[in-house]
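Here is how the chains run, residue by residue.
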Amino acid sequence: MNKSDLKPASVFEQFAKINQIPRPSKHEEKMIAYLRQWGESHGLETKVDETGNVLIRKPATKGYENHKTVILQSHMDMVCDKLVDVEFDFDNDAIQTYVDGEWLTAKGTTLGADDGIGCAIELAILEANDIEHGPLECVFTRDEETGLTGAEGMKPGFMTGDYLINLDSEDEGEMFVSCAGGRNTQAKFTFTREYAPEGSFFLRAQLKGLIGGHSGDDINKQRANAIKLLGRFLFQTMNRYEGVRLAQFHSGKLHNAIPRDGQFVIAVPHDVKENVKADWNVFAAQVEDEFHVTDTQMEWMMESTEAEPVIEAQVACNFVWALQAVDNGIYAICQDPELNGLVETSSNIAAIHSTENEINILSSQRSNVMSNLENMCATIVATFQLAGAEAHSSDGYPAWKMRAESRLRDTVVKAYKELFGKEPIVRGIHAGLECGLFSERYPQLDMISFGPTLRFVHTPDERLHIPTVQMVWDHLLLVLKNL
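Residues numbered from 1 in each chain as written. Predicted model: local features only at pLDDT ≥ 70, side-chain atom pairs only at ≥ 80, totals over all residues. Heavy atoms only, no water.

Caption draft 1: Geometry of the environment of Leu386. When you line up the elements, Leu386 lands in helix 8 (residues 370-386). Spatially, the C-alpha atom of Leu386 lies 47 Å from that of Ile18, the residues being 368 residues apart in sequence. (Helix = DSSP H or I, 4+ residues; strand = E, 2+ residues; numbered from the N terminus.)

Next up, the structure:
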């Protein structure tokens, strides 16, 4: 399959144009300008709110003027991640895509289909003149990936529709009707650097090649967390040998991604350096056996490195103990049988970076039950506070609860069965969708979320399953006609 063969052509043409525009979270100015110019050049009512969200209105086609207004919504920003050996400037460079069988992916970077493909679908519908639909409001929010601040900043009245279809889901055939709320928890250790004991030997350890993934939707897939693995080895080593000192720890980039690589630098007594190297190799084999089904491409390296000042001894011990103790992964499963075993509450240790005098830790917690979200955050805060760190949680964003009755959901399910001859899966998602915030600001909105199949989002392996884009397109057009 070549790029010229991608269907629907109008959607992939729009996606190709979008991927020429740099749009990192919090730096979407070029995308905002593009959308404003695009809407105005097509003679459509276009407005941008003070937060930077863009809304483009399209009148109903003839005969559908009395239908209720439908909002199509996606977010314009993208997670920016790349392979460690790839040179790429997300503020200026265009995403380079290629076709790999039935999948579209990028060369060494995130693809931007989360949620660029949703934006492309909206633009293709706005540009089309052969689609039957009632009044449309196409909304493009900013900064979804780093805190949903676009949706958070949207004031009541910006959108005026009756139904909202969020195009930010990643499994074709699955219709999402609820989502988790989320908060970030940060911790900081402060210290004074000092010299390592005389005769110390310095080692640099690196772990890379993990699959990583979305810290919510992939948290149940047994993906290895680089931070937890590196912390686990340090805990074993510092308890086994006296005089081991930590100099550096770096892993992870984003609050909403499972860290897929990392490294640390330690000083060890000269007479145990070979033991530590051997322990590293044994540990690597043990971990690879643990994850032999779900995370099969781990790369382990340990080598000598130059001496440098180390972190204050007690602070380093407290930090390593906290890493060993802190919760990571699934905490609870939803009890509601209609949500079919969905993860309810989880935590992800996302990024840790040491500086001259600080170790900064970023983690994310999610839950469909807000009281359990509060409890999970308190657990993480308490763990780091017990270790002597400063720690606090952000305000976060709310969960989106499933409506008992929904005409939109009924119409979406009926259209799917009509097109594909099978029942779609209707479920919740253990990730933050902007629908949670919309449900607070626009309580009357009847909402649902669906989209084409994506895999390995928030990583350089991100890929879009091409055939499902046509399926979602056909399904969405039938829904717009029938609502």
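Caption draft 2: View of the pattern of salt bridges. Per the stated rule, a full pass over the model turns up 23 salt bridges. Of the charged contacts, one joins Glu174 and Arg427 as a salt bridge, the two residues approaching to 2.6 Å between their closest N and O atoms. In this pair, Glu174 sits in strand 8 (residues 174-179) while Arg427 sits in strand 20 (residues 425-429), placing the two residues 253 residues apart along the sequence. Its relative accessible area of 15% is what places Glu174 among the buried residues. The network of salt bridges with shared partners includes Glu28, Glu29 and Arg142. (Salt bridge = Lys/Arg side-chain N within 4 Å of Asp/Glu carboxyl O. Buried < 20%, exposed > 50% of the residue type's maximum accessible area, 1.4 Å probe, protein only.)

Caption draft 3: Spotlight on the pairing of strand 6 (residues 136-141). By the criterion of burial, strand 6 is predominantly enclosed, with six of the six residues buried. Side chains Leu136, Cys138 and Phe140 project from strand 6 onto one buried face, and the interleaved Glu137, Val139 and Thr141 project onto a second face that is buried too. In the sheet, strand 2 (residues 54-58) pairs with strand 6 via five bridges, with the strands oriented antiparallel. By the bridge assignment, Lys58 is partnered in strand 6 with Leu136. Of the pairings in the sheet, the one linking strand 3 (residues 70-75) to strand 6 comprises six bridges and is parallel in character. (Pairing = 2+ DSSP bridges.)

Caption draft 4: Expanded view of the packing of aromatic side chains. Applying the stated criterion across every chain, the model contains eleven aromatic pairs. Taking 6.2 Å as the distance between ring centres and 15° as the angle between the ring planes, the aromatic pair formed by Phe233 and Phe264 counts as stacked. Of this pair, Phe233 sits in helix 5 (residues 226-240) while Phe264 sits in strand 14 (residues 262-269), placing them 31 residues apart in sequence. Comparing Phe233 with Phe264 shows no difference in burial state: the two are buried. Here Lys273 stacks its cationic end above the ring of Phe201, 4.2 Å away from the centre of that ring. (Phe/Tyr/Trp six-rings, centres within 6.5 Å; stacked < 30°, edge-to-face > 60°. Lys NZ or Arg CZ within 6 Å of the ring centre and 35° of its normal.)

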